[in-house]
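Residue-level listing of the chains:
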Amino acid sequence: MDLTRQGQATLDALATQTGETTNIAILDGDRIINIVEAIGSAGVALRTWVGQSCAAHTTSSGKVLLSELTAADLRSRLGERLESFTPNTIVTLAALETELATARPTAGRGQRRTGDRPQCGVGPIRDSAGEIVAALSVSGPSYRLEPDGFEAMARRAIDAANQISRRLGYSG
């Protein structure tokens, strides 16, 4: 099923509810590509665009998309040394593997941008076989989402991803 058709209405509703930017991204090699987006009503917001590509290891969406790959698949896609964008960027495959093994990432930590770092709640979108095929994210500035706002936003992202997953045939 077409993720753009299945996802747009969900993202639009989520952007309206949260006031924040919402995206669906897929994995393409060592990068993620935004394939669907909805802009929230907040005056200060993360602005991205459909077709935008980012290094997968630097984003919460990318980490969700990488989270179930084997060590060999990670190495094949990313190599041993990862590009650095900020002082917080994970730059070794070993460090990334540790992060992916200890907890499913659901929050950005300023690994791609400096300044007022965005917070990003992310949920995996699964197909009928249970494979992660995309990641749904809700992003906003940290000053608006900490401490209590982030948990609610992350829960909404996961719930929305689960809705789309069910439409794609996932029953788990």
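Quick caveat, the model's predicted, so the values are computed rather than measured. (Residues numbered from 1 in each chain as written. Predicted model: local features only at pLDDT ≥ 70, side-chain atom pairs only at ≥ 80, totals over all residues. Heavy atoms only, no water.)

1. Brief notes about the overall build of the chain
A tally of regular secondary structure across the chain gives six helices and five strands. The order of α-helices and β-strands along the chain, N terminus first, is α-β-β-β-α-α-α-β-β-α-α. When contacts within the chain are restricted to residue pairs at least 6 apart in sequence, those whose partners lie at least 24 apart make up 58%. Working note: accessible area of the chain is about 8100 Å², and carbon and sulfur atoms make up 50% of it. (Helix = DSSP H or I, 4+ residues; strand = E, 2+ residues; numbered from the N terminus. Contact = heavy atoms within 4.5 Å. Areas by Shrake-Rupley, 256 points an atom, 1.4 Å probe, with all protein chains shown as cover.)

2. As for the environment of serine 67
With respect to the helices and strands, serine 67 occurs in the loop between helix 2 (60–66) and helix 3 (71–78). For serine 67 and leucine 100, which are 33 residues apart along the polypeptide, the C-alpha to C-alpha distance reads 5.6 Å. Separated by 2.7 Å, the side chain of serine 67 and the backbone oxygen of valine 64 make a polar contact. (Polar contact = N/O pair within 3.5 Å; in protein donor to acceptor, adjacent residues only side chain to side chain.)

3. Some points on the packing of helix 3 against helix 4 (residues 93–102)
A packed helix pair is summarised by two numbers, namely the angle formed by the two axes and the spacing between the axes. With their axes 11 Å apart at the nearest point, helix 3 and helix 4 run at an angle of 135 degrees to one another. Regarding the angle of helix 3 to helix 4, the classification is oblique. Crossing hand, helix 3 versus helix 4: right-handed. Contact with helix 3, carried on its side by Ala71, Leu74, Arg75 and Leu78, involves Leu93, Leu96, Glu97 and Leu100 of helix 4 and no other residues of that element. Here the residues of the contact of helix 3 with helix 4 are counted per class, giving six nonpolar, no polar and two charged. (Axes fitted to C-alpha atoms, helices over the stretch in contact; angles between N-to-C directions. Parallel < 35°, antiparallel > 145°, perpendicular 65-115°, else oblique. Left-handed = near helix turned anticlockwise from the far one by under 90°. Nonpolar A, V, L, I, M, F, W, Y, C, P; charged D, E, K, R; others polar.)

4. Comments concerning the confidence of the model for the chain
With 82% of its residues at a pLDDT of 70 or more, the chain has an overall mean of 83. Low pLDDT (under 50) marks residues 105–116, which in the prediction has 49 contacts with non-local residues, meaning those over four places away or in another chain. (pLDDT = per-residue confidence, 0-100.)

5. Notes on the pairing of strand 5 (residues 132–141)
In terms of burial, strand 5 is a largely internal element, nine of the ten residues being buried. Two elements, strand 1 (residues 21–28) and strand 5, share five bridges in a ladder whose sense is antiparallel. When the sheet's bridge partners are listed, alanine 25 is paired in strand 5 with alanine 135. (Buried < 20%, exposed > 50% of the residue type's maximum accessible area, 1.4 Å probe, protein only. Pairing = 2+ DSSP bridges.)

6. Thoughts on the pattern of salt bridges
Applying the stated rule across the entire model yields four salt bridges. Among the salt bridges present, the one from aspartate 2 reaches arginine 5, with a minimum N-O distance of 3.5 Å. Taking the shortest distance from any N to any O, the salt bridge between aspartate 159 and arginine 155 comes out at 3.1 Å. With aspartate 159 and arginine 155 both in helix 6 (residues 148–167) and four residues apart, this pair spans about one turn of that helix. The class for arginine 155 is partly exposed, based on a relative accessible area of 43%. (Salt bridge = Lys/Arg side-chain N within 4 Å of Asp/Glu carboxyl O.)

7. Points about the pairing of strand 1
Consecutive residues of a regular strand have side chains that alternate between opposite faces of the sheet. In terms of strand pairing, strand 1 meets strand 2 (residues 31–38) through seven bridges, oriented antiparallel. Pairing of aspartate 28 across the sheet is with arginine 31, part of strand 2. Counted between consecutive antiparallel strands, the loop separating strand 1 from strand 2 contains two residues, among which glycine 29 sits at a positive phi close to 65 degrees.

8. Here's the deal with helix 1 (residues 3–18)
Under the 1.5 Å per step criterion, the end-to-end length of helix 1 is 21 Å for 16 residues, consistent within 8% with the ideal 22 Å. Turning to helix 1, its buried residues are Leu3, Gln6, Gly7, Thr10, Leu11, Leu14, Ala15 and Thr18. (Expected span 1.5 Å × (residues − 1).)

9. Points about the environment of isoleucine 125
With respect to the secondary-structure elements, isoleucine 125 resides in strand 4 (residues 118–126). Separated by 61 residues in the primary sequence, isoleucine 125 and valine 64 have C-alpha atoms spaced 9.5 Å apart. The contact partners of isoleucine 125, leaving out residues within four places of it in the chain, are Leu3, Ile24, Glu131, Ile132, Val133, Ala134, Leu136, Ala161, Ile164, Ser165 and Leu168.

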